[in-house]
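Overview (structure and organization)
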Amino acid sequence: GKVQRLNTPVIPHGYSRCTEWHMGTYQATREQLAMVSVLMSRQASRHPLAMTKRPHSLEEVLNAKTIAPSVGLLECARRADGGAALIVASSRFLQRK
């Protein structure tokens, strides 16, 4: 198939494509995906070296400035050293592996 170019900013638009695919494939909701940002902000609030120590509510994440079609500002990674990952899989998938 034809490769589609990503709009800028590229990373949030790429993430938006992934979230839209995930929501369509697995019937995940926008709220469920926004909870990743909520949970990561709660974790950061407990870390003494975190750049941002204030946890965000689901409402704040969902109502943040839109950066890409299904990505808000509070779901975008800040430029910094370090990182985190969240792997989501069903128990059925894990049992097969």
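Preceding this section is the structure that the text describes.
Residues numbered from 1 in each chain as written. Predicted model: local features only at pLDDT ≥ 70, side-chain atom pairs only at ≥ 80, totals over all residues. Heavy atoms only, no water.

Regarding the packing of aromatic side chains
This model, assessed by the stated rule, comprises one aromatic pair. Seen in terms of ring centroids, Trp21 and Tyr26 are 5.7 Å apart; in terms of plane orientation they differ by 80°. Their pairing is edge-to-face. (Phe/Tyr/Trp six-rings, centres within 6.5 Å; stacked < 30°, edge-to-face > 60°.)

Quick notes on helix H1 (residues 10–26)
The end-to-end C-alpha distance of H1, which contains 17 residues, comes to 24 Å, matching closely the 24 Å that a straight helix rising 1.5 Å per residue would cover. Residues Pro12, His13, Gly14, Ser16, Thr19 and Met23 constitute the buried set of H1. Next to the buried residues of H1 lie helix H2 (30–45), strand S1 (66–68) and strand S2 (71–72). Immediately beyond the C-terminal end of H1, within one or two residues, lies Gln27, with a positive phi of roughly 55°. (Helix = DSSP H or I, 4+ residues; strand = E, 2+ residues; numbered from the N terminus. Expected span 1.5 Å × (residues − 1). Buried < 20%, exposed > 50% of the residue type's maximum accessible area, 1.4 Å probe, protein only. Contact = heavy atoms within 4.5 Å.)

Topic: the environment of Ala85
Mapping Ala85 onto the fold places it in the loop between S2 and helix H4 (91–96). Taking relative accessible area as the criterion, Ala85 reaches 72% and is therefore assigned exposed. With 42 residues separating them in the primary sequence, Ala85 and Gln43 have C-alpha atoms 13 Å apart.

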